[in-house]
Structure formats: C-alpha cells, structure tokens
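Spelled out, the chains give:
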Amino acid sequence: MRRLLTIGLFAVVALSITTATAQIPQHPSQLSFRPLHFEPPKAKDYRTVLTNGMVVYIMEDHTLPTVDIQATIRTGSLYDPRDKVGLARMAGEVMRTGGTNNISGDDLDERLAFLGASIRTMIGTTSGSASMSCLARDRDEVLKLYADVLMNPAFAEDKIKLYKDEAIERLKTKNDQPRAVLEREFRKLLYGDHPLVWEQTKASIEGITRQDLLDFHHTYFVPNNIILAVAGDFQREEMLQKLEEAFAGWQRRQVTLPRIPEVVAKNRPGVFMIQKQINQGYVNVGHFGIKDTNPDVFAINVMNFILGGGSFTSRITSKVRSDEGLAYNTGSRFANEHLFPGTFYGYVQTKSQTVYYAISLILKEFERIRREPVSDEEMETAKNYFLDSFPDRFSTAIGTMSTFASLEYDGFPLDYLDTYCAKIRAVTKEDVLRVAKKYIKPGEMTIMVVGDIEACKKGDEKHPGTLDQLGRITEIKLPDPLTGL
C-alpha cells in the first residue's frame, strides 16, 4: 500500500512539473500579462485652502512614522532686476542658512540634526521651494521651525557674506565643465538678451544687500502665493489645524509679479564653436521647441521617444552609439517650458575627429522621422513606456501631493492627469509624422560645438565631410566668468 502511495505521489509531482514546464515560454518576449488598469487619485479630493489663502494638498500616509511638507512659492530668478542678478538664488539659500528672527542659523542646524529632521529652501528660475521632513513624533516642533523660516527669515549678515564668498568662487569655475558651457551658451544663442539667460557676475552678487533680500521676501513670500503639499503619519483634520496654527497671523496680500518680456522665438541656423582644449566635442543640434501647454505635446513626446528620447530603443542612440560606436551619451530632447517656448535638440559627446560624422547621423535621423512613418513596434514601445511609467508619479504620498501642487502652480486643470493615458493611447503614426514635420526644422538648426575647434573642423578620413558643410561657422569667445564681458 505504502509503495502504491509513493508511486502515486511521484506521478502527481511529475505531472505538475510537466504542466508547469509546458506553461513557461521559450523567450521573455512570449510572456503575456493581464492588462494593467490604473486610475490616478483625484486632485480635488485632496485640495483645501487655509484661512490665510494658502492652498494645501494633503494626504494621510501611515506607511512610515514620518511627516513631509513641500511648499511651492510663485517667484523665481526670472524676476531678478538686471543689476541684481543672483538675488532670488541668494534669498532662497540664506533664508534657511541665516536662521530666523527667533533662532540663529547655526542653532537651527544643531536642533534639526539632533531631531534627525531637515528644512531646506531654494529658488530656481521660475519657482521657489521650501521643504521639511521629520519623524511624526517631532512634527509640532519642526513645523513651528519650518513656518518660522518661511515667515521670519533673518538673512543674517555673516551668512550673506559666506554665501557671496562661495558664489564668487563658483563663478570662477563656471567655464570649466564643457557640458555646462554647452547647455548655457546654447540657450543664450536662442533666447538672446532675455531674463531667462541673464547671468550673475561678481558685481551683481556683491551689490545685493540684506535689505534687498528682505524686500524680496516681503514681495513674494505671502500665504496666498504659496501651495503646500503635505503627507505623512497624521490625521488629516488634526494636521490642517496644526497648519492653521503654525501660519496664524500671516496675512494674505496681493502679489504683482514683474512683467517679463515675451521670448522672440527666432531660430539661429549655423555652426557655433567654442574653444576648449579637450579631445572630445560636446554637441547640441536644435532650435526652439514648444510650451508644455501645446495641444500636440502628447504626440511630440511619443515622437521624441522614438527619435532620441527613449534611450537604447531610440533611433539616434541605436545609430550613433550601438551601430557606429561614436558616443556613450547621445539622444534628443524636447525641453518644454511653461511660460516660454522651450528647446528641441539632438546631442552627442564624441571624439573630435568624429564630430561632423556624428552630427550628420543625427541630422539624417531628423530627416528620416519627418519623411517616413514610424513602425508599429516603435509606436507600441513608446506608448507602453509612457503608460507603464505613469503610475510612478503616484508611488509616494508626498510625490502625489507635489504633483497636484505643480499642476495648480502651472495653471493646468486639476483633472489634467485623469485623461493623460487616454491621450497617449490616442496618438497615431500619422500624428507622429505630422508633429515631426511641423516641429523639427532641419533648415533652422543651431549647431553648437564645445571642443578643440581645429581638431573638430579637421574631421576623420573614414567619414569625409567637414563642419562648414553644415553651415557658416562662427567662433564664440566665452565671457569672463566674473565680469560677464
């Protein structure tokens, strides 16, 4: 009897193994999955407004015993006066390092370090931010310090001096990194004399006073000019009451942003070269792009993924890197802006002798995607990338709240993301061909090269052709990093 049971058991195991083996495909590409269905959370469900006009997106998250807050402030270096370029960035850093009217910056550092918490502030080109992170048990104390930094920065003179010394030292090295030089000078060529590309100098930094910082803070740091994203281990109503108490007495005021001139989107075709004694050429090839409010943005994103934005699956990377072995880093970008037209460009970093050849390959891919419909496989890969990565935007509570805050900051409707996937799915091959023809303009390319000019011009015997075949060559002299002259 025992023998029969043993044989039966072996038979069942063998049958199970045979069945399981038969279900395993021969190649990963043969794997099949049930379609994923993801409904994003609704922004309106998490939005509220404090009595002082501060907008709040708030979500309970009891995964960890922590609390995170991120503030977005409507400001930016874009609004710096011409003779005070650097004001916003200095304010963004010193309002934290300089402490408040109630606690010095050093004492604030020490207390936050003891609590294992953080408070950070910064101001970029088109917005400012202030964040705090702490254990839930320390929430009340850290929130009080955070609100104090936002409302009552001291801008201590010793921290202003320290910031200025460091900023001037950084200025001295601003022409050292070829990639940074390329990105900066490429934008300057396109945007011309516009606040978007104004640069701070030693004189502009030294000319900023503590009163300038106080005036800057008074102008922009107003509760009704701030959007908070709040998430963590708390009860929603209790946390809202804590926020009301922390920012009590901070009165709303009308904020009038300085008028910024429109960008004149006039492309500058030609070859522009900057001398750098290195053995590689850093290259951008492109022109003005679009605002992120452009209704074609979904088709453009899919098109650019296929062209050069999709890493190893994209055409430029496959051709320039994988097939020809010319570069490690290459591709294309539509760097969309919100207030102004962004930029579109292909990029490559390759040895000096192959600069021309690499550029010519990128230009051929520009032409090809304007001329031929993309394949079904390319469309599927691109769309799947956007659809499958979409839920990542909501992978954390604070990330989700910050996403909603960003939507409101930029003036998008709160249900903008509700239709995101449908709009990606609706993109057709005809759409991709249409936007490629409309938004990629081969005859208007600004080609910028940072590298050894003579070596880049000389080219490579294996790949005949020279840079002057691509357009008139203009050499650009880098301005002195301290004076801007």
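First, a word on what this report is: a plain description of the structure on this page. No experiment lies behind these values; they were computed from the predicted model shown.

## So, the packing of aromatic side chains
Counting across every chain of the model gives 21 aromatic pairs. A centroid spacing of 5.5 Å and a plane angle of 65° characterise the contact between F186 and Y345, whose relative ring orientation is edge-to-face. Of this pair, F186 sits in helix α6 (residues 178-191) while Y345 is found in strand β10 (residues 343-351), placing the two residues 159 residues apart along the sequence. The same class applies to F186 as to Y345, namely buried. Ring centres of F344 and F366 lie 5.2 Å apart, and the angle between their planes is 50°; on these two criteria the pair is classed as tilted. You can see F344 sitting in strand β10 and its partner F366 sitting in helix α12 (residues 355-371), a full 22 residues away along the chain. Since its relative accessible area comes to 0%, F344 is described here as buried. What makes F366 buried here is its relative accessible area of 0%.

## Some thoughts on the sheet that holds strand β9 (residues 330-335)
Taken in spatial order, the six strands line up as β9-β10-β8-β11-β7-β12 in an open sheet, and their pairing is mixed. Of all the strands in the sheet, just β9 and β12 (473-475) have a single pairing partner and so form its edges. Mean inter-strand twist for the sheet, computed between neighbouring axes without regard to direction, equals 20°. When strand β8 (residues 280-288) meets strand β11 (residues 446-451), the two strands line up antiparallel, connected through five bridges. In the sheet register, G286 faces β11, and the bridge partner there is T446. The strands touched by α6 within the sheet are β7 (270-275), β8, β10 and β11, with β8 carrying the most contacts at an inclination of about 25°.

## As for the environment of S360
You can see S360 is positioned in helix α12. The buried category is assigned to S360, whose relative accessible area is 11%.

## Section: the sheet that holds strand β5 (residues 128-135)
On the basis of which strands lie adjacent, the open sheet formed by six strands has the order β1-β2-β6-β3-β5-β4 and mixed pairing. With partners counted over all chains shown, the strands left at the sheet margins are β1 (47-49) and β4 (118-123), one partner each. The average undirected angle you get between the axes of adjacent strands in this sheet is 15°. Of the strand pairs in this sheet, strand β2 (residues 55-60) and strand β6 (residues 226-232) are connected by six bridges, and their pairing is parallel. Looking at β6, one finds that M59 is bridged to A231. In the packing of helix α14 (residues 397-409) onto the sheet, the strands contacted are β1, β2, β3 (66-73) and β6, and the crossing angle to β6 comes to about 165°.

## Observations concerning the packing of helix α10 (residues 297-309) against helix α11 (residues 315-323)
How two helices sit against one another is set out by the angle between their axes and by the gap between those axes. Their axes nearest at 5 Å, the elements α10 and α11 cross at an angle of 5°. Looking at the two axes, α10 sits roughly parallel to α11. Contacts from I306, L307 and G308 in α10 reach R315, I316 and T317 in α11. The residue inventory of the contact of α10 with α11, partitioned by class, reads three nonpolar, two polar and one charged.

Scoring rules and cut-offs
- Residues numbered from 1 in each chain as written.
- Predicted model: local features only at pLDDT ≥ 70, side-chain atom pairs only at ≥ 80, totals over all residues.
- Heavy atoms only, no water.
- Phe/Tyr/Trp six-rings, centres within 6.5 Å; stacked < 30°, edge-to-face > 60°.
- Helix = DSSP H or I, 4+ residues; strand = E, 2+ residues; numbered from the N terminus.
- Buried < 20%, exposed > 50% of the residue type's maximum accessible area, 1.4 Å probe, protein only.
- Pairing = 2+ DSSP bridges.
- Axes fitted to C-alpha atoms, helices over the stretch in contact; angles between N-to-C directions.
- Contact = heavy atoms within 4.5 Å.
- Parallel < 35°, antiparallel > 145°, perpendicular 65-115°, else oblique.
- Nonpolar A, V, L, I, M, F, W, Y, C, P; charged D, E, K, R; others polar.

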